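Analysis of the macromolecular model
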Amino acid sequence: MTRIPLRPLARILEARSRGENPDAIERENIRLRHEEMRDRARRRAEGRLLVLAGAFLCAFVLVGGRMAILAQSEPGEPRTSVAGAGILAQRADITDRQGRILATNFDTYSLYAQPEDLIDPAAAADKLVEIFPDLDRDRLLRDFTGDRKFLWVKKTISPEQQQAVHDIGEPGLLFGPREMRLYPNGRLAAHVLGGASFGREGVHAAEVVGVAGIEKHLDDRLRDPARAHEPLTLSLDLSVQAAMEQVLQGGMKIMNAKGASGILMEADTGEVVAVASLPDFDPNDRPAVPTSGNQDDSPLFNRAVQGVYELGSVFKVFTIAQALELGLVGPATMVNTETPLTWGRFRIRDFRNYGPELSVEKVIVKSSNVGTARIAMDIGAARQRAFLDDLGFMEASPLEITEASGSSPLLPKNWSEISTMTISYGHGLSTSPMHLAAGYATIANGGRRVVPTLLHGEAAAPGERVMSEATAGAMRRMMRRVVTEGTASLGEVTGYAVGGKTGTADKPRPTGGYYDDKVIATFASVFPAHDPDYVLVVTLDEPVETSGEKPRRTAGWTAVPVAAEVIRRVAPLLGLRPAIEPADLAAITRASN
C-alpha cells in the first residue's frame with residue numbers, strides 16, 4: 001500500500017507562494033488518512049461478521065437436519081464402541097425344564113499391564129503375587145522389565161481382586177470389561193454342560209464360546225444374537241439331577257468303584273431327566289485334557305455316553321424280546337440249559353448250574369447264558385443284527401452333546417454264529433449306557449423306538465414300531481420277576497414296582513483277554529413295571545462289595561442297591577406316588593368251593 005506524505009513538498013511550496021499556512025495541508029492529510037483507516041477497519045469487521053453469520057447458519061441447518069432425522073428414527077440404546085460390539089454378543093442362558101438356571105453370564109473384568117507405564121515393576125510383581133498366588137513372580141518381573149508393550153495378567157478377576165489391584169496404585173495396571181460364563185450349581189450336570197472359554201478377545205471385549213458338552217454342540221444356537229434372550233431349556237430336572245448324583249457318589253464309595261454313571265429317561269419321549277458320570281468336575285474351573293494315561297481315568301470322561309462297554313446280561317432282554325416277536329418261543333417255552341454249551345473251541349457257561357432246562361421266563365429271571373445263546377442260534381446273525389440296528393445299537397448316540405459323536409458301538413468284524421451267541425448275553429458288542437437306556441425305553445413304552453434327547457419339549461413324533469405291544473408287555477412282566485424272584489431282589493422299592501435286568505461283564509484287558517477281578521456292573525430298570533414312566537440305568541466301573549466274607553462284584557450286589565436308592569429318592573421328586581401294584585391276572589386262579 002502506497003502511503004501519501006503528510007507534507008508533500010510540491011503542495012507546501014505552492015501554499016507558501018500563495019501565502020497560505022502549510023500546516024493546514026498536514027492536518028487535512030492526517031484527517032483523510034484516519035478516515036481511510038476507519039473505513040478499512042469497518043470493511044474488515046463487516047467481512048468477519050458475514051463469515052461468522054454463514055458459519056452459524058450452516059451449524060443451525062446441520063443441527064436442525066440431524067434433529068429432524070432423529071425425530072423420524074426408532075429409539076435405540078447407544079453402544080460404547082462399534083469395534084467391541086461384535087465380540088460382546090450375548091450368550092443365551094441354559095435352564096432346566098423348570099426354568100432354573102444351569103448356565104448364565106457374569107460381568108467381570110480382565111487385568112492387563114502396559115509395562116512401560118509401570119512406576120515400580122518389582123513392587124507391582126510382589127503385590128500381584130500376593131493377590132493371585134498362582135502367578136509366577138519371577139516371570140512377571142521379567143515381563144514387566146522386558147521389551148513387551150502389553151501383557152495379560154489375568155483374563156478374569158473378581159470384584160474383590162479388582163479393588164485390591166486398584167489399591168496398588170500402578171498406572172500401568174489396567175482393567176478391561178469381560179463377560180464370562182458362570183455355572184451357579186458347580187459340578188451339577190457338568191458333563192452335560194461341558195464348559196465355555198474365550199474365543200476372540202480384545203482389551204475391551206471377549207467372545208465366549210463352548211468347549212465341550214451341550215455348550216459346544218449347540219454353540220451357534222447359544223450365540224445367535226436373535227435368540228440371545230431366549231434361554232435354552234434342557235430336559236434335565238435340577239432337583240432330580242442333584243439327588244441322583246448324591247446317591248451315585250455315595251454308592252460309588254460304598255461299592256469301592258472306580259467310576260459310576262446313571263441315566264434317568266422318560267420312556268415315551270426319550271427326554272433325559274438326569275444323567276451323571278462320576279468322577280466329575282466343576283465347569284467353572286474345567287481341568288485340562290489329559291495327554292497321557294487311560295482316557296477313563298480323567299474326570300472329563302463321560303461314562304454315560306463315551307463309556308463304550310460290553311454290558312453283559314442286560315442284553316438278554318433284547319434277545320428274548322426278538323424271539324418272542326418272531327414267534328420262535330413263548331414265555332413258557334422250555335429251553336435246553338445244559339452247561340457248558342460247546343461251540344468249536346468255545347464254551348459258554350452259566351454262573352450256576354440251573355439244570356437241564358428252563359422256561360424262557362426263567363432264562364431271564366435266572367440270567368442263563370446258555371439258554372439265551374441257544375435262543376439266539378434260532379434267531380440267526382442277520383436277524384439279530386437287524387433288530388439291534390432298529391433299536392439304535394449300530395450308530396453313535398444322537399444326544400446333543402459333543403462327546404456323543406464318539407460313542408459309536410464296537411461291533412464284531414465278522415458277525416458269525418458264535419458272535420450271535422455271545423452278543424445275545426452282552427459280550428462281543430460294546431455300547432454305551434445311553435444306548436442301553438434308549439433300548440429299554442423302547443420296551444417300556446410299548447415297542448416304539450426312542451431317540452434320547454436333552455432338549456425339553458422338542459421330542460420327535462413317536463418312533464417306528466420295533467416290537468408289538470404284546471411282546472413289550474411280556475418283557476416287562478419278566479423284568480418285574482427279575483426283581484421279585486431273580487438276580488435283582490435288592491432292587492425292590494416299595495410302592496414303585498421296579499422291573500429290570502442285571503448285567504455283570506468282565507472288563508477286557510488292553511493286551512487281550514479279560515480281567516478276573518474287574519467288571520462292569522449294570523442294572524437297567526423301568527418303573528412302575530406295569531405301566532412304566534421312566535427308565536433308569538446305573539453302571540458301576542470295577543465295583544467290589546466287601547460286607548461279606550468274600551468280595552462280591554456282580555450287579556445284583558453292587559449296581560442294583562444303588563439303583564434302588566436312586567428310585568427311592570427321585571420318584572417322589574418326579575411326582576410319582578407310591579401305589580399298590582396291580583395283580584397279575586394270569587396268575588389269579590379260582591378258589592375251590
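Rules of the game
- Residues numbered from 1 in each chain as written.
- Predicted model: local features only at pLDDT ≥ 70, side-chain atom pairs only at ≥ 80, totals over all residues.
- Heavy atoms only, no water.
- Helix = DSSP H or I, 4+ residues; strand = E, 2+ residues; numbered from the N terminus.
- Rg over C-alpha atoms; globule rule 2.2 N^0.38 Å.
- Buried < 20%, exposed > 50% of the residue type's maximum accessible area, 1.4 Å probe, protein only.
- Contact = heavy atoms within 4.5 Å.
- Patch = residues over 30% accessible without salt bridge, like charges linked within 9 Å, V, L, I, M, F, W, Y side chains within 5 Å.
- Areas by Shrake-Rupley, 256 points an atom, 1.4 Å probe, with all protein chains shown as cover.
- Salt bridge = Lys/Arg side-chain N within 4 Å of Asp/Glu carboxyl O.
- 1 Å grid on protein atoms, 1.4 Å probe; cavity = no way out; pocket = protein on both sides within 12 Å on 5 of 7 lines; lining within 4 Å.
- Points joined across faces, edges and corners; volume = space filled by probe spheres on them.
- Nonpolar A, V, L, I, M, F, W, Y, C, P; charged D, E, K, R; others polar.
- Phe/Tyr/Trp six-rings, centres within 6.5 Å; stacked < 30°, edge-to-face > 60°.
- Lys NZ or Arg CZ within 6 Å of the ring centre and 35° of its normal.
- pLDDT = per-residue confidence, 0-100.
- Pairing = 2+ DSSP bridges.
- Axes fitted to C-alpha atoms, helices over the stretch in contact; angles between N-to-C directions.
- Left-handed = near helix turned anticlockwise from the far one by under 90°.
- Expected span 1.5 Å × (residues − 1).
- Parallel < 35°, antiparallel > 145°, perpendicular 65-115°, else oblique.

Some points on the overall build of the protein chain
Within the protein chain, the secondary structure is distributed over 18 helices and 16 strands. For 593 residues, the compact-globule estimate of 2.2 N^0.38 gives 25 Å, and the protein chain exceeds it by more than 25% at 41 Å. Taking all 593 residues of the protein chain together, 47% fall into the buried category. Long-range contacts, defined as pairs at least 24 residues apart, comprise 69% of the intrachain contacts of the protein chain with a sequence gap of at least 6.

Quick notes on unusual backbone geometry
Backbone geometry follows two general trends: most residues other than glycine have a negative phi, and most peptide bonds adopt the trans configuration. In this structure, the amide linkage connecting Thr339 to the following residue, Pro340, adopts the cis form with an omega of 0 degrees. Topologically, Pro340 is positioned in the loop between strand E10 (334-336) and strand E11 (341-343). The omega torsion across Phe527 and Pro528 is -20 degrees, close enough to zero to call that bond cis. Tracing the chain through its elements places Pro528 in the loop between strand E15 (514-527) and strand E16 (534-541). Residue Ser367 is not a glycine yet carries a positive backbone phi of 65 degrees. Residue placement: Ser367 occurs in the loop between helix H12 (360-366) and helix H13 (369-379). Its identity as a non-glycine residue notwithstanding, Ala497 has a phi of 45 degrees, on the positive side. Relative to the assigned elements, Ala497 resides in the loop between helix H17 (469-484) and strand E14 (499-508). On the basis of relative accessible area, Ala497 is assigned to the buried category, the value being 6%.

A word on a nonpolar patch on the surface
A contiguous nonpolar surface patch, about 350 Å² in accessible area, is contributed by Leu52, Phe56 and Phe60. Tracing the backbone through its elements, the reader meets Phe56 in helix H2 (residues 22-72).

Some thoughts on empty space enclosed by the protein
Inspection of every chain in the model, using the stated rule, returns four cavities of 30 Å³ or more. Looking at the largest cavity, it is lined by 13 residues, and the ones nearest its centre are Gly392, Pro398, His435, Arg449 and Pro452. Across the lining of the largest cavity, the residue classes break down as eight nonpolar, three polar and two charged. Within this model, the second largest cavity holds a volume of roughly 70 Å³.

A short note on the packing of aromatic side chains
Across all of its chains, the model carries ten aromatic pairs by this definition. Where Phe315 meets Phe318, the ring centres are 5.4 Å apart and the plane angle is 80 degrees; that geometry is what we call edge-to-face. Of the two residues, Phe315 and Phe318, both sit in the buried class. Of the aromatic side chains, those joined through ring pairs into one cluster are Phe315, Phe318, Phe393 and Tyr440. The ring of Tyr515 carries Lys518 above its face, with NZ or CZ at 4.5 Å from the centroid.

Brief notes about the confidence of the model for the protein chain
Low pLDDT marks regions whose predicted coordinates should not be analysed in detail. Averaged over all residues, the pLDDT of the protein chain is 89; the fraction at 70 or higher stands at 94%. Note on residues 76-86: pLDDT under 50 across the span, and three contacts to partners over four residues away in sequence or across chains. Below pLDDT 50 for its whole length, residues 585-593 participates in one contact with residues either more than four positions away or in separate chains.

Topic: the sheet that holds strand E9 (residues 272-278)
Strand pairing in a sheet takes place through backbone hydrogen bonds and is either antiparallel or parallel in direction. Taken together, five strands build an open sheet; the order of strands is E9-E8-E16-E15-E14 and the sheet is antiparallel. A single partner strand is all that each edge strand has here, and the edge strands are E9 and E14. Strand-to-strand twist across the sheet, computed as the mean angle between neighbouring axes with direction ignored, equals 10 degrees. Pairing geometry for E15 and E16, over eight bridges, is antiparallel. Counted as the bridge partner of Ile520 is Asp541 from E16. Running at roughly 140 degrees to E16, helix H18 (residues 559-570) makes contact with strand E8 (259-266), E14, E15 and E16 of the sheet.

Notes on the environment of Ala441
In this structure, Ala441 sits in helix H16 (residues 433-444). Not counting residues up to four positions away in its chain, the partners in contact with Ala441 are Met265, Ala267, Val450 and Val535.

Considerations on the environment of Thr484
Turning to its location among the elements, Thr484 is positioned in helix H17. Thr484 gets classed as partly exposed once you look at its relative accessible area, which sits at 42%. For the pair Thr484 and Asp378, spaced 106 residues apart in the sequence, the C-alpha separation amounts to 29 Å.

A short note on the packing of helix H4 (residues 121-131) against helix H5 (residues 137-145)
Put simply, H4 and H5 touch, their axes get as near as 9 Å, and they point 145 degrees apart. Crossing hand, H4 versus H5: right-handed. Within the contact between the two elements, H4 uses Pro121, Ala122, Ala124, Ala125, Asp126, Leu128 and Val129 and H5 uses Arg137, Leu140, Leu141, Phe144 and Thr145.

Comments concerning helix H10 (residues 238-254)
For H10, spanning 17 residues, the distance from its first C-alpha to its last is 24 Å, which sits close to the expected 24 Å at 1.5 Å a residue. On the buried face of H10, the contacting elements are strand E2 (101-113), E8, E9, E16 and H18. Remark: Asn256 follows H10 within two positions and exhibits a positive phi of approximately 55 degrees.

Let's talk about the packing of helix H1 (residues 9-17) against H2
Two quantities define a packed helix pair, namely the angle between the helix axes and the distance between the axes. Interaxial distance between H1 and H2 falls to 8 Å at its minimum, and their mutual angle equals 140 degrees. Between H1 and H2, the angle falls in the class oblique. Facing Arg11, Ile12, Ala15 and Arg16 of H1, the residues of H2 in contact are Pro22, Ile25 and Asn29. Considered class by class, the residues forming the contact of H1 with H2 number four nonpolar, one polar and two charged.

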